[in-house]
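Survey of secondary and tertiary structure
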Amino acid sequence: MPRHARNCTAGSVYTYHEKMKDAQQSGYGTLSMRLGKDSIKEFDCCSLTLQPCHDPVITPDGYVYDKEAILEYIVHQKTEIARRMKEYDKQKAKLEKEGNELEKTKQEATIKAFLDKQKLSTKSGKQSGGTDGVSNMDSGRDKQLPSFWIPSLTPESKPTELKKPDEKVRCPMSSRPLRYKDLISIKFTPINDRDSRSLITKDARYVCAVSNDILGNSVPCVALRTSGNVVTTECYEKVIKKDMIDPTNGKKLTEKDVIPLQRGATGFAGAGLGLEAKIDGAVMQA
């Protein structure tokens, strides 16, 4: 192939590769990128700290948290809600006070206008046939001129009115109301591989409590409320669902006692999650 053919820039087609390259260099348009495995949280990691849980708990929606982290979050949210409610009540009392003062001022102005009208009607020697002048300086109107450059007549901007805050602590992932008594303690069965490395450095850390299958982001899992054990969805569908009895302790199960874990993905397996990151940039229109 001649050199000119390899370096030809006279093509009439604006290829997708050229378009993406130009968009990334210029910063215009929407940039999108598929997230890889390193950007996805592992199934056994806390949704707040993103680290493996030491004392894992799960919400009814299937989100896993470290107990210490979620309790600290709940306490912080309650403190923040109390602070916002205090500010809201303070603003409410201030608005009520201003409304009462405004109503009182209106009543006083109405009474004063009525008394002035009565004085004018009973005043003797009132000249008849008098007309007001067209000048804006007559009848004391010189003191009512709009002067926007005077600080005392400049409109004031009121502070932003606060809305009544939500009094419920909500889950940071699902935004649903969250209470401490809704948290369910679970336990993962460690893999018996005789490896003395740290837990966070292992790729395979836990196994199913019944079938001993290795758990991971690509393996759907469920937690059993009666024992707190985590098993694979396949094990639940094929073994446990038939009799609805927890095989680890023999207790009866119901549908509410089986909680699917919210997991990540490998970056190439969708797992029902959005794995594409987008950044909206400026767009030039023709």
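Thresholds applied
- Residues numbered from 1 in each chain as written.
- Predicted model: local features only at pLDDT ≥ 70, side-chain atom pairs only at ≥ 80, totals over all residues.
- Heavy atoms only, no water.
- Core = buried A, V, L, I, M, F, W, Y, C linked by side-chain atoms within 4.5 Å.
- Buried < 20%, exposed > 50% of the residue type's maximum accessible area, 1.4 Å probe, protein only.
- Helix = DSSP H or I, 4+ residues; strand = E, 2+ residues; numbered from the N terminus.
- Contact = heavy atoms within 4.5 Å.
- Pairing = 2+ DSSP bridges.
- Axes fitted to C-alpha atoms, helices over the stretch in contact; angles between N-to-C directions.
- Phe/Tyr/Trp six-rings, centres within 6.5 Å; stacked < 30°, edge-to-face > 60°.
- Salt bridge = Lys/Arg side-chain N within 4 Å of Asp/Glu carboxyl O.
- Polar contact = N/O pair within 3.5 Å; in protein donor to acceptor, adjacent residues only side chain to side chain.
- Expected span 1.5 Å × (residues − 1).
- 1 Å grid on protein atoms, 1.4 Å probe; cavity = no way out; pocket = protein on both sides within 12 Å on 5 of 7 lines; lining within 4 Å.
- Points joined across faces, edges and corners; volume = space filled by probe spheres on them.
- Nonpolar A, V, L, I, M, F, W, Y, C, P; charged D, E, K, R; others polar.

Bringing the nonpolar core into the picture now. Within soluble globular proteins, side chains that are nonpolar tend to cluster in buried spots. Counting residues in each nonpolar core, the largest one holds 38 residues, and the members touching the most others are Ile58, Ile70, Val230 and Leu261. Where this core is concerned, the elements lending two or more residues are β2 (56-58), β3 (64-66), α3 (67-122), β7 (221-224), β8 (230-232), α4 (233-243) and β9 (258-260). When residues in this core are grouped by element, the largest group, 6 residues, is from α3. Sequence-distant contacts of leucine 261, defined by excluding residues within four places in its chain, comprise Phe43, Ile58, Gly62, Val64, Phe188, Cys221, Val222, Ala223 and Val230.

This part covers the sheet that holds β2. One open sheet holds the 3 strands; their spatial order is β3-β2-β4, and the pairing between them is antiparallel. Of all the strands in the sheet, the pair left with one neighbour each is β3 and β4 (184-185). Of the pairings in the sheet, the one linking β2 to β3 comprises 3 bridges and is antiparallel in character. Bridge pairing in β3 links valine 57 to tyrosine 65. Against the sheet, α3 engages β2 and β3, with an angle of about 85° to β3.

This paragraph deals with the packing of aromatic side chains. Evaluated as defined, the whole model comprises 2 aromatic pairs. A centroid spacing of 5.7 Å and a plane angle of 85° characterise the contact between phenylalanine 43 and phenylalanine 188, whose relative ring orientation is edge-to-face. With a gap of 145 residues between them, phenylalanine 43 in the loop between β1 (31-34) and β2 and phenylalanine 188 in the loop between β4 and β5 (189-190) connect regions that are remote in the sequence. In this structure phenylalanine 188 comes out as buried when scored by relative accessible area, which is 11%.

Time to look at the pattern of salt bridges. As enumerated under the stated definition, the model contains 11 salt bridges in all. Across the salt bridge formed by arginine 205 and aspartate 44, the nearest N and O atoms sit 2.9 Å from each other. Separated by 161 residues along the polypeptide, arginine 205 in the loop between β5 and β6 (206-207) and aspartate 44 in the loop between β1 and β2 bring together distant segments of the chain. The burial state of arginine 205 is the same as that of aspartate 44; both residues are buried. When the shortest N-O distance is used, the salt bridge between glutamate 234 and lysine 238 registers 2.9 Å.

Next up on the list: the side chain of serine 227. You can see serine 227 is positioned in the loop between β7 and β8. In terms of polar contacts, serine 227 uses its side chain to reach the side chain of aspartate 246, at 2.6 Å. Setting aside chain neighbours within four positions, we find serine 227 in contact with Lys187, Asp246, Thr248 and Asn249.

The subject of this paragraph is unusual backbone geometry. Despite not being glycine, serine 175 shows a phi value in the positive range, around 65°. Summarising the element assignment, serine 175 is placed in the loop between α3 and β4. Here the phi dihedral of asparagine 212 falls at roughly 65°; this positive angle occurs in a residue that is not glycine. Positionally, asparagine 212 belongs in the loop between β6 and β7.

Its 56 residues place the ends of α3 83 Å apart at the C-alpha level, agreeing with the 82 Å of an ideal helix rising 1.5 Å per residue. Three or more residues of α3 are buried, namely Ala69, Ile70, Tyr73, Ile74, Ile81, Met85, Tyr88 and Gln91. Contacts made by the buried residues of α3 are with β2 and β3.

Let us look at the environment of threonine 254. Along the chain, threonine 254 turns up in the loop between α4 and β9. Note on threonine 254: relative accessible area 41%, which makes it partly exposed. For the pair threonine 254 and lysine 241, spaced 13 residues apart in sequence, the C-alpha separation works out to 9.5 Å. Looking at threonine 254, its side chain comes within polar contact range of the side chain of aspartate 257, at 3.0 Å.

Empty space within the largest pocket amounts to approximately 390 Å³. Around the largest pocket, the lining is made up of 23 residues, and of these Lys37, Glu42, Asp203, Arg205 and Asn217 lie nearest the centre. By residue class, the composition of the lining of the largest pocket is 10 nonpolar, 6 polar and 7 charged. The calculated volume of the second largest pocket comes to roughly 340 Å³. A breakdown of the residues in the lining of the second largest pocket according to their chemical character gives 3 nonpolar, 2 polar and 6 charged.

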